[in-house]
Structures are given as C-alpha cells and as structure tokens.
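# Notes for the structure review
Each chain is listed here by its residues.
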Amino acid sequence: MNIVESITNPDWRRALHSFRTYLKLEKRLSDNSVEAYLRDVSHLAQYAIGQGKSPEQVELDDLRGLVGELHDMEVALATQCRIVSGLRTFYKMLVVEDVVKDNPATLLEMPRSSRHLPDVLTNDEVDAIIATFDLSLPDQARNRVIVEVLYGCGLRVSELVNLHLSNIYEKEEFLLVTGKGDKQRWVPINHTALHLMLQYIATIRSHQRIRPGEEKYVFINRLGTHLSRNYVFMFLKEAVANAGIEKTISPHSLRHSFATELVTNGADLRAVQEMLGHEKITTTEIYTHLSHQYLRDTITNFHPHYRNS
C-alpha cells in the first residue's frame, strides 16, 4: 500500500492525490522526491485527522503543534526542517488550486536547535495525573499503566506503543526496548509498573478481540490494534488538564522527568544515557544543567544570605 492509500480520511487522501499530481506535473520532480514529499506531508495528515480537521481547516497553531510533537519525539532537526518545507509547498499548492484562501504555513518558523530546559513533572504531579483515571474503565486503567511505564522507564512514546509482549522480561524486571534506528537496549522496570502492566495484560488485554497481526503488541485499543502516538498525546493532555496542572506537558515530559529525577539524585550520566538510548552523551548532558538549576534553587531557598538578598 502506498503512502496516499494508507490515509483513511477521504479529504486528506484527495488532497495528497492532488499534491502528487502537482509535484509531478508542475514541479517536475522525480518519483523518489515526490514520495519523500508525500511521506513528509502524511505526518500532518495523521496529526490533523487525530484533531478532526480537514486540510482546509488546518491553522498555524495546528502546524506548530505538529512541529512540537516531532520535537518531543526527538525527530532529527534536519528532518523537522524538511517536513516544514514540505508543508509550505503543500499549502502553496492548495492556494493555487483555490482550496484554501491563505497559506497557514507562511508564518511557520523553521525548527531550531534548542537547549532550553524542558518542563518536567514532580512526583506529586505524576500522582495527581494518575489519580484522574477511573480504574473501573478498561481504557483508563490501561492509560494509568502507560503513565507509570513512561515515567518509570523513560521510554519515548514511539517505543511504548511499539512494545511487544516478548519484550517483557518479568523475572529479570527488564524491558527490551527498540529505539531509534532499530537499536535495542535493556531498560529496568520498577516492580510497581511491572505488576500493573502484567495485571493489565491478564485482566483487560486478554479479554479483547485483537486483529490479526496485532497480537504481539502490549497496549491495544478498542479496535483491537496497537495504540497510536497521537492517542497517547491526547489522553495525557486531558489528564493533565483534569489534574489542574498548568505546565505544557506531553508524553515526552514523563521521559524528561524520569531523567531529571535520576540526575538530580546523583545517577551516573553514562547509565542515564544508556537507559534513555541517547547516541551521544551531549544529548544527556542537558540534565546536568537541570541538576545545576536544582542546586541553585536549593541554596536560594535555604541559605539565609540568599533568602535575604
């Protein structure tokens, strides 16, 4: 199945068909370049479908939301920039064809390398999020497990939704996680998160009708297929709002919080790098800056000369 046919929404499929024709006839691009453009714009299609929006309903804030999600998923900066370029071309085509009046991508900034400190959650805030789930409802009981695993193991959301039953090593209390570039790593899972995951598998997942080909995945939705990244973003956003937390939080914030707790409490940076699956230690070093800020805040709050200055 090609990229366009994999899009289930008819409005988006029609728009991508038009985009393919535009790239071939107007831009005279090679087949490989055309497919690359379609693949990049399909990210927006999937994101917008999750928001219930057609191509002409997409606004600048939606495009920024997609770029933010790509950043949270640690998509390479060059890839993010290429996708933004593709979105600009896509909406330029829709303007030419009078599908939209204004190009919402005109003011979309190119992503830049960022070393800012991300929003993190305290342990109490994670508990407050968990407390919003109604555990009598199967979906929400499953979502509670997901939060526990993201926070307790520091997984990327893509790693979590693609986790297989065979990746759970109960006796050893480890998960075998497949990260970027299909690289695998061992990640410890705490006893509470492991117990809840196994309980979910035994009492909820085992009673679901699972579609052929989806049997290997741990986390299954009502349709019998594995979860999408968008779904995890959406349910966590709702839970954060229900918990009264005003920070900008995504599933990646739980990963940041996991790493921040470790580094703040003195964990070896190389060990944190291994658990997060960072290829370079410089990526992990952002958490040393978080730790330094923690030290500054501590002395500011508790040293009398700092309090009085």
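Throughout what follows, the structure given in this document is the object of discussion.

Cut-offs and rules
- Residues numbered from 1 in each chain as written.
- Predicted model: local features only at pLDDT ≥ 70, side-chain atom pairs only at ≥ 80, totals over all residues.
- Heavy atoms only, no water.
- Phe/Tyr/Trp six-rings, centres within 6.5 Å; stacked < 30°, edge-to-face > 60°.
- Helix = DSSP H or I, 4+ residues; strand = E, 2+ residues; numbered from the N terminus.
- Buried < 20%, exposed > 50% of the residue type's maximum accessible area, 1.4 Å probe, protein only.
- Pairing = 2+ DSSP bridges.
- Expected span 1.5 Å × (residues − 1).
- Arc of directions from axis to C-beta.
- Contact = heavy atoms within 4.5 Å.
- Polar contact = N/O pair within 3.5 Å; in protein donor to acceptor, adjacent residues only side chain to side chain.
- Axes fitted to C-alpha atoms, helices over the stretch in contact; angles between N-to-C directions.
- Parallel < 35°, antiparallel > 145°, perpendicular 65-115°, else oblique.
- Left-handed = near helix turned anticlockwise from the far one by under 90°.
- Nonpolar A, V, L, I, M, F, W, Y, C, P; charged D, E, K, R; others polar.
- Core = buried A, V, L, I, M, F, W, Y, C linked by side-chain atoms within 4.5 Å.

### Details of the packing of aromatic side chains
- Inspection of the entire model under this criterion finds nine aromatic pairs.
- For the pair Phe-19 and Phe-90, a centre-to-centre distance of 5.2 Å together with 80° between the ring planes defines the contact as edge-to-face. Of this pair, Phe-19 sits in helix H1 (residues 10-25) while Phe-90 sits in helix H4 (residues 77-96), and the two are 71 residues apart along the sequence. Each of the two residues, Phe-19 as well as Phe-90, counts as buried.
- Ring centres of Phe-90 and Tyr-91 lie 5.1 Å apart, and the angle between their planes is 80°; this geometry places the pair in the edge-to-face category. Each member of the pair, Phe-90 together with Tyr-91, is buried.

### Let's talk about the pairing of strand S3 (residues 184-188)
- By the alternation rule, side chains of S3 split into Arg-185 and Val-187, which are all buried, and Gln-184, Trp-186 and Pro-188, of which none is buried.
- In textbook terms, the turn of a hairpin is the stretch between consecutive antiparallel strands, and for strand S2 (residues 174-178) and S3 this stretch comprises five residues, one of which, Gly-181, has a positive phi near 65°.

### A few points about H1
- Compared with the 22 Å implied by 1.5 Å per residue over 16 residues, the 23 Å span of H1 between its first and last C-alpha is a close match.
- Restricting attention to buried positions, one finds in H1 the residues Trp-12, Ala-15, Leu-16, Phe-19, Arg-20, Tyr-22 and Leu-23. Looking straight down H1, one finds its buried side chains confined to an arc of 165°; they lie on one side. Residues Arg-14 and Leu-25 are exposed on H1 and point more than 90 degrees away from its buried face.
- Elements that come into contact with the buried residues of H1 comprise helix H2 (31-51) and H4.
- Where H1 begins, the side chain of Asn-9 points an oxygen toward the backbone nitrogen of Asp-11, at a separation of 3.0 Å.

### Comments concerning the packing of helix H6 (residues 138-153) against helix H8 (residues 191-203)
- Close contact between H6 and H8 brings their axes to 9 Å; oriented N to C, the two are set at 150°. As summarised for this structure, H6 and H8 are arranged roughly antiparallel, according to the angle between their axes. Crossing of H6 against H8: the hand is left-handed. Here Arg-142, Arg-144, Val-145, Glu-148 and Val-149 of H6 come into contact with H8, specifically with Ala-193, Leu-196, Met-197 and Tyr-200.
- Class assignment for the residues of the contact of H6 with H8 results in six nonpolar, no polar and three charged.

### As for the nonpolar core
- Core analysis: the largest hydrophobic core is formed by 77 residues, its most contacted members being Phe-90, Val-149 and Met-197.
- The greatest single-element share of this core, amounting to eight residues, is contributed by H6.
- Apart from the residues within four sequence positions on either side, Phe-90 is in contact with Trp-12, Ala-15, Leu-16, Phe-19 and Val-41.
- Core analysis: the next-biggest nonpolar cluster, separate from the first, contains eight residues, Ala-259, Leu-269, Val-272 and Leu-276 among them.

### Concerning the sheet that holds S2
- The three strands lie next to each other as S1-S2-S3, forming an open sheet whose pairing is antiparallel. Either end of the sheet is taken by a strand with one partner, and the two such strands are strand S1 (168-169) and S3.
- Sheet topology note: the S1/S2 ladder contains two bridges and is antiparallel. Each residue of the ladder has a partner; that of Ile-168, found in S2, is Leu-175.

### Quick look at H2
- Its 21 residues place the ends of H2 30 Å apart at the C-alpha level, agreeing with the 30 Å of an ideal helix rising 1.5 Å per residue.
- Every buried residue of H2 is accounted for by Val-34, Leu-38, Asp-40, Val-41, Ser-42, Leu-44, Ala-45, Tyr-47 and Ala-48.
- Backbone geometry just downstream of H2 places Gly-52 in the positive-phi region, at approximately 75°.

This is a description of form; function is not addressed.
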